[in-house]
Amino acid sequence: MSEAPEDFRDLDRSLRAIRFEPPASFGAELAGRAARGEAPRPPRRPGPGRALLATAALVAGGAAVALGRPIISRSLPVTIDRCCYDLDGGGAADDGVRIVAKRDAEVRRLWVYEDRDGSRDLSPPDVVRLRRGAAPSLAEGGSAGLIALRRCCLDFDGGGPDDDGLLVIGVPPDRVLMAAIYERRARAPDAAHSHSRLR
Amino acid sequence: MPIPVRANPLRSATAPPEGLCREWYESHGAGIYSYLRFQLPSAAVAEDLTADVFLRAVRAADRFDPNRASARTWLFRIARNVLRDYLRHERRHPHVSLGALDDLRSQAPSPEERLLWKEEVARLLAAVATLPASDQEIIGLRYGSELDTGDVAQILGLREPAVRTRLWRALGRLRRVLAP
């Protein structure tokens, strides 16, 4: 029975009917992240303004260049291995993704695997569900029963911040036809415009 | 004389972080997610913040005292802080697109009815997003997560009549926003 005053009954009823649901595999994914001791993002603190930060970065960069020192070598590829999630729609959070990427830029190689030996990274006993090179493409396999799974947000490209998402298309319970990462743009107004092109 | 330290049962060997996280999520995850989602522009952000809530809770489990508050109240207080922290630093997006409502639960039998329901929810949430932050918070707690006003009072540290008064005032403002 509604506890709202008569004036608000309709509005109360409409609002009570709104319910959002997280993805079904989200609980298992969270438990896996807790088991790995993953830290929540630290609370943001008010800091110096963007203009001040930008000025400081310019000054620091200019000083480093003037001294002839490379600031950071960003050209070397990095290998990122993230496990364990449900990436093949099988229901168990036992899949991982290994990505070799140019830091915070393009993906060079990518594997989606099932972590058979519980090592929480790609190792010889694991079953590789998808292996791809630099460009994402949809493997052949028909369109019946296709699902798309998304995992956001972690650092999948070695850029530093947890601002990358992983998109996987497959047919449950064990076929993976496409996997790609994207970078989330924090200030986009909605999901349709919230990420960069797939890499 | 040293003060004796009482072992927290939640930190015992039988409650590893994974188990604790799973247990809390199974009991309260959907409510926390829906509460956060009520005030956020997309499912992706709601998932991020829900994860933050539970990862923070697991890390702080030894500070949880069931004699002072239920796990639900404690988790919602963490969620409230996580949400406040996020909203303080992000530009608000009163516009709610239909495409961003894929995680909306709907029992409407036909696609047409589901679309109408999405449109109605987008209209309501866009209106909620124009209200003062305190109104959004109390509406989110009450309606986002199926908490009754007694639960909301516990989370906010208020008396229940005060919660009701604040809620009805918030609904009054919402109705004025929605009025044609």
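Worth saying up front: this structure is predicted, and the values here are computed from it rather than measured. (Residues numbered from 1 in each chain as written. Chains lettered and ligands numbered in written order. Predicted model: local features only at pLDDT ≥ 70, side-chain atom pairs only at ≥ 80, totals over all residues.)

A. Inspection of the interface of chain A and chain B at higher detail. Taken residue by residue, the interface counts 35 residues in chain A and 46 residues in chain B. For the side of chain A that touches chain B, the secondary structure elements donating two or more residues are helix 1 (9-16), helix 2 (26-35) and strand 5 (147-154) of chain A. Of all the elements, helix 2 of chain A adds the most residues to the side of chain A that touches chain B, at seven residues. (Contact = placed C-beta atoms within 7 Å. Helix = DSSP H or I, 4+ residues; strand = E, 2+ residues; numbered from the N terminus.)

B. Expanded view of the confidence of the model for chain A. Residues and elements named next belong to chain A. Looking at chain A, pLDDT values average 75 and 74% of them are 70 or higher. Considering each helix and strand of chain A separately, the mean pLDDT is smallest for helix 3 (residues 50-66), with a value of 51, and largest for helix 1, with 91. Every residue in residues 45-51 scores below 50 in pLDDT, and together they form one contact with partners more than four places removed in sequence or on other chains. Low pLDDT, under 50, characterises residues 67-73; the predicted model gives this stretch three contacts beyond four residues in sequence or across chains. (pLDDT = per-residue confidence, 0-100.)

C. Quick look at the nonpolar core. Ranked by size, the top nonpolar core spans 83 residues in total, and within it A:Ala179, B:Cys21, B:Leu36, B:Val53, B:Phe54, B:Leu75 and B:Ala79 carry the most contacts. With eleven residues, the single largest contributor to this core is helix 2 (residues 43-59) of chain B. When sequence neighbours within four positions are dropped, the list of residues in contact with B:Leu75 reads B:Trp24, B:His28, B:Ile32, B:Val53 and B:Ala57. (Core = buried A, V, L, I, M, F, W, Y, C linked by C-beta atoms within 7 Å. Buried ≥ 20, exposed ≤ 12 C-beta atoms within 10 Å, placed from the backbone.)

D. Just the confidence of the model for chain B, in detail. Residues and elements named next belong to chain B. On average, chain B scores 83 in pLDDT, and the residues at 70 or more come to 86%. Within chain B, helix 4 (residues 111-128) has the poorest average pLDDT of any element, 88, and helix 7 (residues 160-178) the best, 95. This stretch, residues 1-14, has a pLDDT under 50; its non-local contacts, to residues over four places away or in other chains, come to seven contacts. For this predicted complex, the interface confidence reaches an ipTM of 0.83, while the overall pTM sits at 0.58.

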